[in-house]
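So you can see what is in the structure, the chains are spelled out below.
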Amino acid sequence: MNKLLNFGIYCWSWIATFGVFIVVGLLLFYLLSQGLPTIGKELFFGDAPVWEAIFGQVRVWDALWPACVGTVFLVLLAALLALPLGISSGIYLACFAPKTFKRILSLLVELLAGTPSIVMGLFGFALILFLRNTFLPDANTSLLLAAACLALLILPYLIFTTQSALESLSDEYRLIGPSLGFNQMQTVFHVLIPAAGRSILSGVVLSIGRAAEDTAVIMLTGVIANAGLPQGLLGKFEALPFRIFYLTAEYRTPDELGSAHGTALVLLCLTGILYSSAFALHKTLEYRWNQHR
Amino acid sequence: MEPAPMKHKPFCNIRNLHVSFHGRTVLQKINFTLNNKGILVLVGPSGSGKTTFLRSLNRLNEYYPGYSGGGKIELNLSGSMQDIHCPNLELTELRRQVGMVFQTPNILPVSIAQNVNLPLKLVTGLNKAERKERLIEVLQEVHLWDEVKDRLKENSSRLSGGQQQRLCLARVLALKPKVLLLDEPTASLDFKASHRIEDLLLELQDRYQIIAVSHSLRQARKIAGQILVIKEGQIEHLLNKEQFGDQEMFQKLLNDIF
Ligand SMILES: Nc1ncnc2c1ncn2[C@@H]1O[C@H](COP(=O)(O)OP(=O)(O)O)[C@@H](O)[C@H]1O
Ligand SMILES: [Mg+2]
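Residues numbered from 1 in each chain as written. Chains lettered and ligands numbered in written order. Predicted model: local features only at pLDDT ≥ 70, side-chain atom pairs only at ≥ 80, totals over all residues. Heavy atoms only, no water.

Novice: Got a minute to help me understand the interface of chain B and chain A in this structure?
Specialist: By convention, interface size is frequently given as the accessible area that disappears when the constituent parts associate. Contacts between chain B and chain A engage 29 residues on the former and 19 residues on the latter. Both faces combined, the contact of chain B with chain A buries some 2300 Å², and carbon together with sulfur accounts for 61% of it. Where chain B touches chain A, the interface holds zero salt bridges. Our count for the contact surface shared by chain B and chain A stands at three residue pairs in polar contact (both at pLDDT 80 or more). (Contact = heavy atoms within 4.5 Å. Buried area = accessible area lost by both parts, 1.4 Å probe. Salt bridge = Lys/Arg side-chain N within 4 Å of Asp/Glu carboxyl O. Polar contact = N/O pair within 3.5 Å; in protein donor to acceptor, adjacent residues only side chain to side chain.)

Novice: Looking at this model, I keep getting lost on the nonpolar core. Mind explaining?
Specialist: The nonpolar side chains of a soluble globular protein tend to be buried with one another. Of all hydrophobic cores here, the largest spans 101 residues; its most connected members are Phe-53, Leu-169 and Ile-227 of chain B. Excluding residues within four positions of it along the chain, Phe-53 of chain B makes contact with Ile-14, Leu-17, Leu-27, Ile-30, Phe-32, Leu-42 and Ile-230 of chain B. (Core = buried A, V, L, I, M, F, W, Y, C linked by side-chain atoms within 4.5 Å. Buried < 20%, exposed > 50% of the residue type's maximum accessible area, 1.4 Å probe, protein only.)

Novice: Help me understand the sheet that holds strand E4 (residues 67-76) of chain B, please; the structure alone is not making it clear to me.
Specialist: Whether parallel or antiparallel, the strands of a sheet pair through hydrogen bonds between backbone atoms. Residue and element names in this part refer to chain B. Taking strand neighbours across the sheet as the criterion, the four strands line up as E2-E1-E4-E5 in an open arrangement whose pairing is antiparallel. Lying at the two open borders of the sheet, with one neighbouring strand each, are strand E2 (24-35) and strand E5 (81-83). Between one strand axis and the next, the sheet turns through 10° on average, direction left out of account. Both strand E1 (residues 10-21) and E4 contribute to a ladder of eight bridges, which runs antiparallel. Within the sheet, the bridge partner assigned to Cys-12 lies in E4 and is Leu-75. Against the sheet, helix H1 (residues 50-57) makes contact with E1, E2 and E4, and its axis sits at roughly 120° relative to E1, the strand it touches most. (Pairing = 2+ DSSP bridges. Helix = DSSP H or I, 4+ residues; strand = E, 2+ residues; numbered from the N terminus. Axes fitted to C-alpha atoms, helices over the stretch in contact; angles between N-to-C directions.)

Novice: Explain the environment of Pro-241 of chain A here, please?
Specialist: All names here are of chain A. Structurally, Pro-241 can be placed in helix H11 (residues 240-250). We classify Pro-241 as buried; its relative accessible area is 7%. When the C-alpha atoms of Pro-241 and Thr-263 are compared, they prove to be 8.2 Å apart, with 22 residues separating the residues in sequence. Excluding anything up to four places from it in sequence, Pro-241 contacts Thr-71, Ala-212, Glu-213, Asp-214, Thr-215 and Leu-267.

Novice: Help me understand a positive patch on the surface, please; the structure alone is not making it clear to me.
Specialist: Among the surface-exposed residues, Lys-121, Lys-128, Lys-132 and Lys-153 of chain B lie close enough to one another that they form a single positively charged patch. Counting through the fold element by element, Lys-128 of chain B comes out in helix H4 (residues 128-141). (Patch = residues over 30% accessible without salt bridge, like charges linked within 9 Å, V, L, I, M, F, W, Y side chains within 5 Å. Areas by Shrake-Rupley, 256 points an atom, 1.4 Å probe, with all protein chains shown as cover. Lys, Arg positive; Asp, Glu negative; His and termini not counted. Charge placed at Lys NZ, Arg CZ, Asp CG, Glu CD.)

Novice: Is there a simple way to explain the site of ligand 1 in this structure?
Specialist: Residue and element names in this part refer to chain B. Taken together, 13 residues sit near ligand 1, with Arg-24, Gly-47, Lys-50, Thr-51 and Thr-52 positioned nearest. Between ligand 1 and the protein, one listed contact pairs an oxygen atom with a backbone N or O atom of Gly-47 at 2.7 Å. Those elements that place two or more of their residues in the shell around ligand 1 are E2 and H1. With four residues, the top contributor of residues to the shell around ligand 1 is H1. A breakdown of the residues in the shell around ligand 1 according to their chemical character gives four nonpolar, six polar and three charged. (Near = heavy atom within 4 Å. Nonpolar A, V, L, I, M, F, W, Y, C, P; charged D, E, K, R; others polar.)

Novice: What am I meant to see in the packing of helix H3 (residues 112-123) of chain B against H4 of chain B here?
Specialist: Residues and elements named next belong to chain B. At a closest axis distance of 10 Å, the pairing of H3 and H4 adopts a crossing angle of 125°. In terms of orientation, H3 lies oblique with respect to H4. Crossing handedness for the pair H3 and H4: right-handed. Contacts between H3 and H4 involve Ala-113, Val-116, Asn-117, Leu-120 and Lys-121 from the former and Arg-131, Arg-134, Leu-135 and Val-138 from the latter. (Parallel < 35°, antiparallel > 145°, perpendicular 65-115°, else oblique. Left-handed = near helix turned anticlockwise from the far one by under 90°.)

Novice: Looking at this structure, I do not really get the confidence of the model for chain B. What am I missing?
Specialist: Interpreting fine coordinate detail is not advised for predicted regions of low pLDDT. All names here are of chain B. In this model, chain B carries a mean pLDDT of 87, and residues with pLDDT of at least 70 account for 96%. Low confidence marks residues 1-6, where pLDDT is under 50. Its contacts with residues over four positions away, or in another chain, come to zero contacts. As scored by the predictor, the complex reaches a pTM of 0.79 and an ipTM of 0.84. (pLDDT = per-residue confidence, 0-100.)

Novice: What should I look at first to understand the side chain of His-261 of chain A in this one?
Specialist: All names here are of chain A. Within the secondary structure layout, His-261 lies in helix H12 (residues 254-291). Looking at His-261, the relative accessible area reads 12%, which means it is buried. Reaching out from His-261, the side chain makes a polar contact with the side chain of Tyr-30 at a distance of 3.2 Å.

Novice: Sorry if this is basic, but what is going on with the sheet that holds strand E6 (residues 98-101) of chain B here?
Specialist: Residues and elements named next belong to chain B. The strand order across the open sheet built from six strands is E6-E7-E8-E3-E9-E10, with neighbouring strands paired in mixed fashion. Of all strands in the sheet, those with a lone pairing partner are E6 and strand E10 (234-240), marking the two edges. Between one strand axis and the next, the sheet turns through 20° on average, direction left out of account. Of the strand pairs in this sheet, strand E3 (residues 39-43) and strand E9 (residues 224-231) are connected by five bridges, and their pairing is parallel. If you follow Leu-40 over to E9, its bridge partner there is Gln-226. Contacts from helix H6 (residues 161-173) reach E6 and strand E7 (179-183), with the element oriented near 170° to E6.

Novice: I'm lost on a negative patch on the surface in this one. Help?
Specialist: Residues and elements named next belong to chain A. A cluster of like negative charges, contributed by Glu-42, Asp-47, Asp-62 and Asp-255, occupies part of the molecular surface. Among the secondary structure elements, Asp-255 is positioned in helix H12. Judged by its relative accessible area of 65%, Asp-255 is exposed.

Novice: What should I look at first to understand H4 of chain B in this one?
Specialist: Residues and elements named next belong to chain B. End to end, H4 covers 20 Å across 14 residues, agreeing with the expected 20 Å (1.5 Å per residue, within 8%). For H4, the full list of buried residues reads Arg-131, Arg-134, Leu-135, Val-138, Leu-139 and Glu-141. Taken end-on, H4 shows its buried residues confined to a sector of 150°, consistent with a single buried face. Exposed residues pointing more than 90 degrees away from the buried face of H4 are listed as Ala-129 and Glu-133. At the N-terminal end of H4, a side-chain oxygen is found 3.1 Å from the backbone nitrogen of Ala-129, two or three residues along, and the residue is Asn-127. In the segment just after H4, His-143 is the residue with positive phi, at about 55°. (Expected span 1.5 Å × (residues − 1). Arc of directions from axis to C-beta.)

Novice: What am I meant to see in the packing of aromatic side chains here?
Specialist: Centre-to-centre distance and the angle between the planes together describe a pair of aromatic rings. Across all of its chains, the model carries nine aromatic pairs over all chains by this definition. Measuring from ring centre to ring centre gives 6.1 Å for Phe-32 of chain B and Phe-53 of chain B, while their planes differ by 40°; the resulting arrangement is tilted. Of this pair, Phe-32 of chain B sits in strand E2 while Phe-53 of chain B sits in helix H1; the two residues are 21 residues apart in sequence, bridging distant segments of the chain. Like Phe-53 of chain B, Phe-32 of chain B is buried. Members of the aromatic cluster, connected to one another through ring pairs, are Phe-242, Phe-245 and Tyr-246 of chain A. (Phe/Tyr/Trp six-rings, centres within 6.5 Å; stacked < 30°, edge-to-face > 60°.)

Laid out in structure tokens, this is it:
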């Protein structure tokens, strides 16, 4: 009986793994088959000459380039805002917060995590309305606002992963620092954080992915269809997920749908690149921690 | 005849030590004064509070949730008896002077050299050259130098269990402690590696006051100057060399206890 159960569990885990593999494989295959043929100069730059378009000397119409740049800026800016805040809050919660205070803070973070992204967008939008009616009549939705709202969206992921990465270290490991005469700060920064680095990184990677794909937040806070390259922090911008959204929602020719698939593929590659640079960064940090002192 | 005052100085004086976690008593009514007569080995059934006792001596118990405890502990740290709960004694300083090696090798996931170097850098004020010198000195002291001198930059997790445990010991020795607390230092090691550590401890016993927990009676008899038998959080016996020297008597005594 027990043997049968074991076998059942074994089969099920195998099927489940295989299933995931198949689903992801199908998805990739579909995207590649639909999107790959559309990839080319045309998709990225339309009719504009390539080099001039890249450097923004020529306006690009109906093509991906401005959206690529917009998404990269958006994600980097959101990460720049959210990473320091999120990771330090996670460290504080895991290592320094007094017990009752920690419970209250965790509740608030959970609340933030449960907030749907459209609500974050609405919040940003309402903020602009408020500013217009009060101090800043010229305030408008912009790259900065969108990035700030995105940062708010990914903040709880960062806090949670950092906190749980630190808290899941074993009791014995936590005691290494104190047993060698380190103070609390030294233990946290020289023993615990480096050991939790890998898990913290995976939180960073997940939240970058989340920031790159979210459409609801930016729709209300500054993305528009034909903004061209972003013109500074307070300008409008284009973004890949938004482009995919409106191409698929409003396509008139099969070509337009095809270019939506191409865009999706590009977005996938872009997040892939962001992931790998986060990973590379982690590797260098780990190396430095290990060797140079 | 000359007395041997150097060898038999008191090094540890404990009055009414008690420890509990979440209201559950783990150690109670611990009272004794010990002279320096070689390695003090703690034996007792598992769960009897040996680890907790060691952790009272460097006040590491205070890290655990639900801890409460009291009593007076004096250790001979800098030539005179020092109350370890004295507010003038910094915790970090106490823990530097009372070094501890855990039951399972507890290396930092960094290079071999860095395992010794990082604590040296953070805790002592030594400069780079002095740290390098100290590193070599302690690796030689634990007989690890010849095995690792060509791979100091390798990750220490590639070392064998016995090597890792010696590295942990070296890491502690590098901080020049007065007292060494060793919690079943050979528990996760094979026979040969255990022997190496035991011989090493016998070499070190003149330079450091060693207090070690042991799970093996053979080992206890081999390295101990005195044996402290703990049972259910209390001291059952304090045996000196004559008492545990007689194998039969020792065995009989322990049969009663375990
Ligand atoms: N941090 C702790 N929190 C709660 N209970 C503990 C803690 N440390 C030890 N104990 C309890 O104290 C008793 C003695 O533990 P320990 O000192 O580890 O024994 P030994 O090392 O002799 O095996 C055990 O019953 C254990 O469950
Ligand atoms: Mg123990």
